[in-house]
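Read off the chains here:
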Amino acid sequence: MFDKLYLLVLSLGILAKVRGQYEVADSLVHEKGRCVTYGFSENNIHYNVYNGEPKEITDSNAISLMKDFCPMFQNQPVCCDSTQIKEFAEKIKLAANLLANCAACWANFRTILCQQMCSPDQSTFMEIPETFPTTAGPLAARSYRTSLTKEYAVKLFDSCREVTSFGLSAIGMICADMDCTYVRLLKTLGDNSTGARAPYFTDYYVGNSRSVEITPLKADVLTHCWEPTPEGEEACTCDDCSEACKNEMMVTAPPPTEPFQILGLDGITAIMGALYLLLAFLIGLHCLVRWAYNRYVRRGDSDSMDSGSSIGDIKRGLVKKIGHKMVSKGLTIDTIIANGFHIWSSICCRHPGKCMIGSILGVAVFTSGLSYFKITTDPVKLWSSSTSTARQQKDFFDHHFTPFYRTTQVVIKPNGQEPEEYKVAAKRHENVKFGSVLSKEVLTEAMTLQNILVNITAKSNGQTVSLEDVCYKPLAPDNNNCAIVSPLQWFQNSQDNLNIERGSKTYLDHMYYCARNYLSPMDGANTGIPCIGLFGGPAITNLVYGGYNGENFESAESILITIPLNNHLTNNTAALAWEKEFLNYMKKYSNDKIKVSFSAERAIEDEISESSFQDLYTVFISYVLMFIYVSLTLGKLQFSCSSNIIQAKSVVGLAGVIIVLCSVACSLGIFSFFGWEATLIVIEVVPFLVLAVGVDNIYILVQALQKDPPKSVSNVPQQISIVFGRIGPSMLLSGCCETVAFSLGALSTMPAVKNFSLYAALAVFINFLLQCTAFLSVITWDLKRQLSGRYDCFCCLRNEEVENKSSKKGVVAVAIEKYWAPALFSSKCLRGAVVAFFIFISCASIGMMNRIDIGLDQTVALPHDSYLGDYYRDIFSQLRVGPPVYFVFHNKGDTWQRFPKRVAQDEICMGRSCNATSALNYLKRQSTISNYSTIATPPNSWLDDYFSWLDPTFECCRIYFNGTFCPSTDRTSTCYPCLKKSDGERPPSNLFFQHLPSFLNDNPNAEYCAKGGHALYADAVEFAYGRQKDSDQPVAIQSAYFQAYHTPLHKSADFITAYKRALDIADEMSSQVGNMTVYPYSVFYLFYEQYLTIQDETIVNLLLCIMSVFIMSFILLGFNLGPALIITITVAMITADMFGLMYLWGITLNAVSLVNLVMSVGISVEFSSHIVKSFTKSKAIGRMDKSYDALVRTGPSVLSGITLTKFVGIIVLAFAKSQIFEIFYFRMYLGIVILGALHSLVFLPTLLSFIGFTNNFEAHSTKYDAVQTSTPDNDRSPTDSGVNLKEAVSPPINVARFACDPAESPSFMSPNLQSYKLVTQTDNSTHCDSNIDANATRVSPNNSATRSPSTSLRSGGSLKSTKSGASVVVSMNDNTGTRNRPQNIKVYDQIDYSNTAKYGVPV
């Protein structure tokens, strides 16, 4: 009973005591001049309850601190003692570091805290809802309620809303939420949970008070951010307070550039459309005038304007005198060239062994340079010239500061886990949906993988290399942990910390807090774990998580683990070895719970090199197939196996391919000897180009010899020299055009284009020389072998029984002669439509040029199955921040020497009292329009942080008694501020350089001084030192940089735009700093600089190449303007069409495609020059016949030598592993070959039939065009000669000379004529005829020279030949159709056949 009574009394006593506590709090008097707290309780955390009057402060240090932090209450009694003031001054320094840039924000933030702690009218706006007893006697306040108006809360928040620090929202860091609001700010200021900043819980009540005794704080005590503070501090700058901006300081994104349009259409497309319509109209008008002229003036001579003699053409118009001069000069040059090739080939063919030995010795000498051969895969050397601006700026940055670190990165994604909802304590236990990547299972796997990577070791130069040996350590030597940037740093890379649970708090509460407050050294989620990583730096949320929107990291899709390694200018052997082991491990890594993608600094270079060397096998197979095709098609197959072996040309084909390889090897050897490094582009592209040029020449030469073979072994040298006298000028034309064109391409500033052009020009030239020497020896030996009946490849074996005679024409030649050419020339309307169609395609292609994308995405340079493909896709889709950008200030004069002066500082800095138009203020404003400027964050300014670090208020810069620097972490020694308060907010001029090195070496710490510059700015400043030896005191600054970040960049266009914007910003900043140069630097600028000018460079390079083609064609065609123009037009149209193909096939414009475009000019010359040369050398009369003859004679060589040969090789490239091969080589090569073939075999002959210039060589020829020393066909008499009669309705009749070979006669005949008869008469009355007209009857042989054929022509006329002495007179009778009366047509030409030698046929 006693016990129960005792317990009851005890319980009542406890209840009375507790009730008394609340009664004391409720009994406080709330009136002006009264406090509610004063002094610390015994635990030095909570304040004692005190409802008395304010008291005076007598401690001098406290008075000084009161003046600094709470000046509104200085020199008056207050409700706080000196201990509270000192503690407050110490704890608020972290916030001061974040907010001090804006005086109004900092003043307002101090004001609310000072009012709570020290206001003499404390009781008028504060209540104490809960107290607790202390052993010392007085009650202590456990919590507070502070009332303030909404206007007060909003004004406080707005004054700090735009203030930034470390590139982030300062108020967001205080809120631990970048989406901070005034409600969230007040909640954070009143939160005293473990790790939070407030020493006690304060409930900020916003609005009208619930008690009449309480008067909420009013906003009139606060300062707007655009106003000076009551203490006289300047208003916030425009960048920290947009309302303080003057109109001229506002930055807005300029309106998007209006595209060039005409009548709502793309401007270029509209212009080309109008041009095409104009050309079509002019062509149509011309055709109409011609039709009317022929119909009503010349009465049916439908092709009279297509024909006509060359002399008649020359005598026309105003070009009479010029024409004669051109003819004279042209004939002289043509004769000299032909004679030169004839003499040279004659020497080579008579001494093939000596010629071959000389060629081999020359190749041996030139290829000896291959001993110096080096191939570079360094992307810097491949894509950036050593003289380019970006390359020089990179070199400057690397030498004057520190090379940007090497990046190793892993992207982790969940594999099938489901998101989960969790009640986050910080959101008052509201449900928050966390993505599956935030599950403990995924984080555990990520931590396990990270710990494995940290322990990877490698061997380098016989020594073991660990990550610690090569990693980046920003806080060394104070902290030697590697800077591994990952969300696992929020748990200090400890699985135990990840598994921690305290009460209802778990790892998710901690992550939620750290994601919004990653700079916090304390635990704000009541788990006892800090957010700062082991390496002493923060794991910034948008750098460690990816794939989320806004600031809601809970929806993240991936984890990013970044391991930066130190980068050195010369020796990175250890880092390369570690990266190799890292890649080897990650390639083998597999986990069912997570999916990973990864990369290292060396990864892309390794992948490109490996895939390129693998693709060399594909290229090799391509060349082998082309060799097989050449070997099979060069020879003429017959039904006899033995004959086929004898007629085969596999050795010739092999020799041609070997000559190509030798020419490429010589080119590589010569440039290697002079120290040039080759590239994979050179090795892969140049052989293809030279093979295209070389094989075509081989086909033309071999097929010409097959048409006009020697009749005996002894006749071989003579016959080859004659044929080569005809073929050589054409080979010289194409070779010189290509060599000069490629040489001009070397003027490019792009290394890839320049190297290709140089190697290609030299290789093409050497290939031409070898074809004129070594190949002539090979063809001489091969013809002798063939005439001797020896087998190809087995020349020791001989079959004398096999008759060596020429076979019929090849399939390609027959197809062109019997099907393609007749079809193409069957109708003038068809030919006109062909020309119109090709012009339309070219105009449309030019209209597409400006729509072609620019750049080369990194993924395109990789193989289809490369692991880096997944990595780049993840990075582009997941990354939340772009690459860093450094704005480098370089001294051009004495700017940095006068920098201690305030005027110079104001031109750069961005803090308060700096010029509103300063360089960094301008850069900071650009970050507010990041969608345009691509600058995502304000710059990190060592200059402004240095000023804050020097501020004696924060006690960051301190010195020992002996004057040496005292770190902020040393709290035991007696240290003194570096500056006096009387020095102001900036250091005196004589002290500016004195403490700057200490600032750059001081490690930041969140507890005492967050402004230490070592982590961010250790290498940001390059000093100039005094002249005294061993001087370590800087006297000036040579250069310095300020860092910001780009927005996320996903594709080439983004990178190019970012570089352009950075250049514009740097130019504007340069204008703000006087005698200084400002330039931007980022690691990717080096590769994208070329794209700023690639359009102009493309146009210039191609125009130079095309102009060189015209000049060389004009000279080598004997100053024949017309054919040179036609070659140039055709080459230009093929090149233009390539742009259309690039747009339609998704090929971007970059260095690789520009190389191919330059190459297309060279191959286009090969496609067109031989056809045009054949046209000019043709003995046919009139454009129609000459173009028809050129197509039939040269078309098979073009189709077989270039088109089909390359097509066989190109198809293989489609199976290459590398995407760059498939896109830029297969697609573009295929386009070059197809477009070249179409233009040479379709467009060019039809164009020549309309506008072919016939003023030089129809009436004139060299002896190599008119002499034939052997008879191609055995079934023809050596004395046969022929006459080609072209039917015409009205005189004169055009007559042409040609060989009477039935297989060759049609080459002079235009199939669109209604009737065509051939009658041949010679002294011995032998007869050879051909009937071209399908509707006419073949003329029967007749020994009587006066007998007329029994068949009539078109309208009843007759054709006959009359012998007259030693000549043949050709006449023709024709009825004129509707008038139906005989008309005798006069004799147009008499041909002397007294000489029985055959008339030769030009190529």
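Preceding this paragraph is the structure being described.
Predicted model only: the values in this text are computed from it and were never measured. Position numbers for residues start from 1 in each chain and track the written sequence from start to end. Under the rules for a predicted model, residues below a pLDDT of 70 receive no local features and side-chain atom pairs below 80 are neither given nor counted, while totals for whole chains, interfaces and linings still include all residues. Side-chain figures throughout are based on the complete set of non-hydrogen atoms in the structure, without hydrogens or water.

Novice: Sorry if this is basic, but what is going on with the sheet that holds strand β17 (residues 594-599) here?
Specialist: Strand-to-strand pairing in sheets goes through backbone hydrogen bonds, with the strands running parallel or antiparallel. For two strands to count as paired, DSSP must find a minimum of two bridges between them. Only runs of H or I of at least four residues qualify as helices and only runs of E of at least two qualify as strands under DSSP, and these elements are numbered from the N terminus. Across the sheet, which stays open at both edges, the four strands sit in the order β15-β16-β10-β17 with antiparallel pairing between neighbours. Whereas interior strands pair on both sides, the edge strands pair on one side only; in this sheet they are β15 (545-546) and β17. Relative to strand β16 (residues 558-565), strand β10 (residues 406-414) runs antiparallel, the two sharing seven bridges. Looking at β16, one finds that V411 is bridged to L560.

Novice: Would you mind going over the nonpolar core with me for this structure?
Specialist: Nonpolar side chains in soluble globular proteins tend to be buried together. W490, Y545 and W942 are the most contacted members of the largest nonpolar core, which has 347 residues in total. With 19 residues, helix α43 (residues 1219-1251) is the largest single contributor of residues to this core. Only buried residues count toward a nonpolar core. Its members are Ala, Val, Leu, Ile, Met, Phe, Trp, Tyr and Cys residues joined through side-chain atoms within 4.5 Å. Exposure classes here rest on a 1.4 Å probe applied to the protein chains alone. A residue is buried below 20% of its type maximum, exposed above 50%, and partly exposed in between.

Novice: How should the sheet that holds strand β20 (residues 965-966) be read in this particular structure?
Specialist: In space, the three strands of this open sheet follow the order β20-β19-β21, with antiparallel pairing throughout. The sheet is open, and its two borders are formed by β20 and β21 (976-977), each paired with just one other strand. Judged from the two bridges that link them, strand β19 (residues 958-959) and β20 form a sheet pairing that is antiparallel. Within β20, the position partnered with I959 by the bridge is F965.

Novice: I keep staring at the side chain of T934 and nothing clicks. Help me out?
Specialist: Following the sequence through the fold, T934 ends up in the loop between α33 (930-933) and α34 (942-950). Owing to a relative accessible area of 7%, T934 belongs among the buried residues under this scheme.

Novice: How do you make sense of the state of the cysteines when you look at a structure like this?
Specialist: What is meant by a disulfide is a covalent connection between two cysteines, made through their sulfur atoms. Note on terminology: disulfide denotes any pair of cysteine sulfur atoms within 2.5 Å. Under the counting rule described, the total for this entry stands at twelve disulfides. Shown here is the disulfide that connects C80 with C118, its sulfur atoms set 1.9 Å apart. Taking the sign of the torsion about the S-S bond as the criterion, the disulfide between C80 and C118, at about 105°, is right-handed. With C80 in the loop between α2 (60-69) and α3 (82-91) and C118 in helix α5 (residues 103-118), the pair connects residues that are 38 residues apart, well separated along the chain. The residues C80 and C118 share a single accessibility class, namely buried. Disulfide pairing places C956 opposite C1009 at an S-S distance of 2.0 Å. Sign of the S-S torsion, about 115° for the bond between C956 and C1009, identifies this disulfide as right-handed. Of this pair, C956 sits in the loop between α34 and β19 while C1009 sits in the loop between α35 (992-1001) and α36 (1014-1017), and the two are 53 residues apart along the sequence. On the basis of relative accessibility, which here comes to 0%, the residue C956 falls in the buried class. A disulfide-free cysteine, C736 has its sulfur positioned 7.1 Å from the sulfur of C737, the nearest such atom.

Novice: Would you take a moment to explain the pattern of salt bridges for this structure?
Specialist: Any two side chains of opposite charge can pair if their charged atoms end up close together. Salt bridges are identified by distance alone: a Lys or Arg side-chain nitrogen within 4 Å of an Asp or Glu carboxyl oxygen. Applying the stated criterion to the full structure yields 19 salt bridges. K394 is paired through a salt bridge with D398; the nearest N and O atoms lie 2.6 Å apart. Taken together, the positions of K394 and D398, both in helix α14 (residues 389-400) and four residues apart, correspond to about one turn of that helix. In this structure, K1011 and D945 form a salt bridge, with 3.0 Å as the shortest nitrogen-oxygen distance. Residue K1011 is located in the loop between α35 and α36, and its partner D945 is located in helix α34; the two are separated by 66 residues in the primary sequence. By the burial criterion, K1011 is buried, and D945 matches it. A single salt-bridge network, built from bridges that share partners, covers E127, R145 and D203.

Novice: Please explain the packing of helix α24 (residues 680-707) against helix α25 (residues 716-745) as it appears in this structure.
Specialist: The geometry of a pair of packed helices is captured by two quantities: the angle between their axes and the separation between those axes. Comment: axis = line fitted to C-alpha atoms, over the contacting stretch for helices; angle = value between 0 and 180 degrees taken between N-to-C directions. One way to put it is that α24 packs onto α25 with a least axis distance of 9 Å and a crossing angle of 165°. Put simply, α24 runs roughly antiparallel to α25. When the axes of α24 and α25 are compared, the crossing they make is right-handed. In this structure, α24 uses L689, V693, N697, I700, L701, A704 and L705 to contact α25, whose residues at the interface are Q719, I720, V723, F724, I727, M731, S734, E738 and F742. Across the contact of α24 with α25, the residue classes tally to twelve nonpolar, three polar and one charged. Just so you know how the angles are binned, under 35 degrees is roughly parallel, over 145 roughly antiparallel, 65 to 115 roughly perpendicular, and the rest oblique. In this scheme the handedness of a crossing depends on how the near helix is turned from the far one: anticlockwise by less than a right angle means left-handed, clockwise means right-handed. Should any heavy atoms of two residues lie within 4.5 Å, those residues are considered in contact. When residues are grouped by polarity, Ala, Val, Leu, Ile, Met, Phe, Trp, Tyr, Cys and Pro land in nonpolar, Asp, Glu, Lys and Arg in charged, and all others, Gly among them, in polar.

Novice: Whenever I open this one, the environment of N572 confuses me. Can you help?
Specialist: Mapping N572 onto the fold places it in the loop between β16 and α20 (573-588). Setting aside chain neighbours within four positions, we find N572 in contact with R406, N566 and N567.

Novice: Sorry, what's going on with the pairing of strand β3 (residues 126-132) here?
Specialist: Looking along a regular strand, one sees the side chains alternate between the two faces of the sheet. Across the seven residues of β3, five count as buried, placing the element largely inside the fold. Direction of pairing for β3 relative to strand β4 (residues 140-148): antiparallel, over a ladder of five bridges. From the neighbouring strand, E130 faces β4, where its bridge partner is S143.

Novice: Even after reading the chapter, I still don't get the packing of aromatic side chains, so can you show me in this structure?
Specialist: Given two aromatic rings, their pairing is described by the distance between the two centres and the angle made by the two planes. In summary, the pairing rule links any two rings of Phe, Tyr or Trp, Trp by its six-membered ring, whose centres are within 6.5 Å, and it sorts them by plane angle into stacked for under 30 degrees, edge-to-face for over 60 and tilted for everything else. Applying the stated criterion to the full structure yields 54 aromatic pairs. Both rings, one in F341 and one in F768, keep their centres 6.3 Å apart while their planes meet at 80°; by these two values the pair is edge-to-face. Taken together, the residues F341 in helix α11 (residues 320-350) and F768 in helix α26 (residues 751-771) connect sequence positions 427 residues apart. Like F768, F341 is buried. Relative to W676, the ring of F671 lies with its centre 5.7 Å away and its plane at 65°, an arrangement referred to as edge-to-face.

Novice: Which parts of the structure should I look at to understand the environment of A774?
Specialist: Note on placement: A774 falls in helix α27 (residues 774-787). The class for A774 is buried, based on a relative accessible area of 5%. For the pair A774 and I360, spaced 414 residues apart in the sequence, the C-alpha separation amounts to 8.1 Å. When residues no more than four places from it in sequence are discounted, the contact partners of A774 are C355, M356, S359 and I659.

Novice: Which parts of the structure should I look at to understand the packing of α24 against helix α42 (residues 1183-1213)?
Specialist: At a minimum axis distance of 9 Å, the contact between α24 and α42 shows a crossing angle of 145°. Crossing of α24 against α42: the hand is right-handed. Residues F688, L691, A692, V695, D696, Y699, I700, Q703 and K707 of α24 touch α42, and the partners they reach there are R1193, P1196, S1197, V1198, S1200, G1201, I1202, T1205, K1206 and I1210. Here the contact of α24 with α42 is built from residues that sort into ten nonpolar, five polar and four charged.

Novice: Could you clarify how one ought to interpret the environment of C978 in this entry?
Specialist: Position of C978 relative to the elements: it lies in the loop between β21 and α35. Taking the relative accessible area as the measure of exposure, C978 reaches 11% and is therefore buried. As a C-alpha pair, C978 and W949 span 29 residues in sequence and 9.8 Å in three-dimensional space. Sequence-distant contacts of C978, that is, excluding residues within four places in its chain, are made with C957, R958, I959 and H995.

Novice: Can you walk me through helix α30 (residues 867-878) in this structure?
Specialist: Each full turn of the α-helix corresponds to 3.6 residues, which orients residues three or four apart in the same direction. Here α30 is twelve residues long and its end C-alpha atoms lie 17 Å apart, about the 16 Å a rise of 1.5 Å per residue gives. For α30, the set of buried residues is Y867, L868, G869, Y871, Y872, D874, I875, F876 and Q878. Whenever a nitrogen or oxygen atom comes within 3.5 Å of another N or O atom, the pair is scored as a polar contact, on the condition that within protein one atom can donate a hydrogen and the other can accept it, and that pairs from neighbouring residues in sequence are kept only if both atoms are in side chains. Near the N-terminus of α30, the side chain that reaches the backbone nitrogen of L868, with its oxygen 3.1 Å away, is that of S866. Multiplying 1.5 Å by the residue count of a helix minus one yields the expected span of that helix.

Honestly, that's just the spatial picture; any functional story needs more than this.
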